[in-house]
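The residues making up each chain are set out below.
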Amino acid sequence: MGISLAIISEHIHGKIIGDAKKIIHGVAPFEDATADDITYAGSATYLKKVNDSNAGAVIVPGDFQPVNKNIIQAENPRVSFARVVNLFCPKSPPKTGQSQRANIGENFTCGSNASIGPFVVIGDNVTVCNNVKLHSQIYLGNNVCIGDDV
């Protein structure tokens, strides 16, 4: 899957300097990035090396100006890079249903499309309503009620 720098820049609210039509196919650490990858340079050490990078594009702070490299200027390069990682590697939604590894007390009521992950501990007399996602290792004590879409 390839994404243009224009779309990436729009997604992170950045400013492109270079080829907005450049297609990026992945994300990589600064030292490992190729011409098909995007990376980020958030510290002075990496900013000094931007023009020598093999990356197809580099996310940099807003005031940085390289000589000849596709860059996206961003307010916070680290956070912006994390958003780009999510574009290329989106998280899968949790599966609905109850993990066999969850510990569920007595009188538990569960709404539709709820997801109860592994190692969740649920006390007695607990109600979890519709579309609730309980990720791994969450604890709900006795007599708790979680509303819809939490």
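Residues numbered from 1 in each chain as written. Predicted model: local features only at pLDDT ≥ 70, side-chain atom pairs only at ≥ 80, totals over all residues. Heavy atoms only, no water.

**A look at unusual backbone geometry**
Line of reasoning, step 1. Phi at phenylalanine 119 takes a positive value of approximately 65 degrees, unusual for a residue other than glycine.
Line of reasoning, step 2. With respect to the helices, strands and loops of the structure, phenylalanine 119 is situated in the loop between β11 (115–116) and β12 (121–122).
Line of reasoning, step 3. Phenylalanine 119 gets classed as partly exposed once you look at its relative accessible area, which sits at 47%.
Line of reasoning, step 4. Of note in the backbone geometry, asparagine 125 takes a positive phi value of approximately 60 degrees without being a glycine.
Line of reasoning, step 5. By the secondary structure assignment, asparagine 125 is in the loop between β12 and β13 (127–128).
Line of reasoning, step 6. Of the residues examined, asparagine 125 reaches a relative accessible area of 38% and is grouped as partly exposed. (Helix = DSSP H or I, 4+ residues; strand = E, 2+ residues; numbered from the N terminus. Buried < 20%, exposed > 50% of the residue type's maximum accessible area, 1.4 Å probe, protein only.)

**Let's talk about the sheet that holds β12**
Line of reasoning, step 1. The strand order β9-β12-β15 describes an open sheet built from three strands, whose pairing is parallel. The sheet is open, and its two edges are formed by β9 (103–104) and β15 (139–140), each paired on a single side. (Pairing = 2+ DSSP bridges.)

**What to know about the pairing of strand β6 (residues 57–61)**
Line of reasoning, step 1. Buried residues dominate β6, accounting for five of its five residues.
Line of reasoning, step 2. As defined by bridge partners, strand β5 (residues 37–40) adjoins β6 across three bridges and the pair is classed as parallel. Counted as the bridge partner of threonine 39 is valine 58 from β6.
Line of reasoning, step 3. One ladder, built from four bridges, connects β6 with strand β7 (residues 71–74); its direction is parallel. What sits directly across from proline 61, in β7, is alanine 74.

**Quick look at the sheet that holds β13**
Line of reasoning, step 1. Ordered by their spatial adjacency, three strands build an open sheet running β10-β13-β16, and the pairing between neighbours is parallel. Either end of the sheet is taken by a strand with one partner, and the two such strands are β10 (109–110) and β16 (145–146).
Line of reasoning, step 2. Sheet analysis places β10 next to β13, joined by two bridges and oriented parallel. Counted as the bridge partner of threonine 109 is threonine 127 from β13.

**Some thoughts on the pairing of β7**
Line of reasoning, step 1. Side-chain alternation along β7 places Ile71 and Gln73 on one buried face and Ile72 and Ala74 on a second face that is also buried.
Line of reasoning, step 2. As judged from the three bridges shared by strand β2 (residues 15–17) and β7, these two strands associate in the antiparallel manner. Pairing of lysine 15 across the sheet is with glutamine 73, part of β7.

**Let's talk about the nonpolar core**
Line of reasoning, step 1. Core analysis: the biggest nonpolar cluster contains 13 residues, and Leu5, Ile8, Ile24, Ile38, Ile59, Ile72 and Val84 have the highest contact counts within it.
Line of reasoning, step 2. Put simply, the parts of the chain that give this core at least two residues each are α1 (5–12), β6, β7 and α3 (77–88).
Line of reasoning, step 3. Phe108, Ile116, Val126 and Val132 belong to the second largest nonpolar core, which has twelve residues in total. (Core = buried A, V, L, I, M, F, W, Y, C linked by side-chain atoms within 4.5 Å.)

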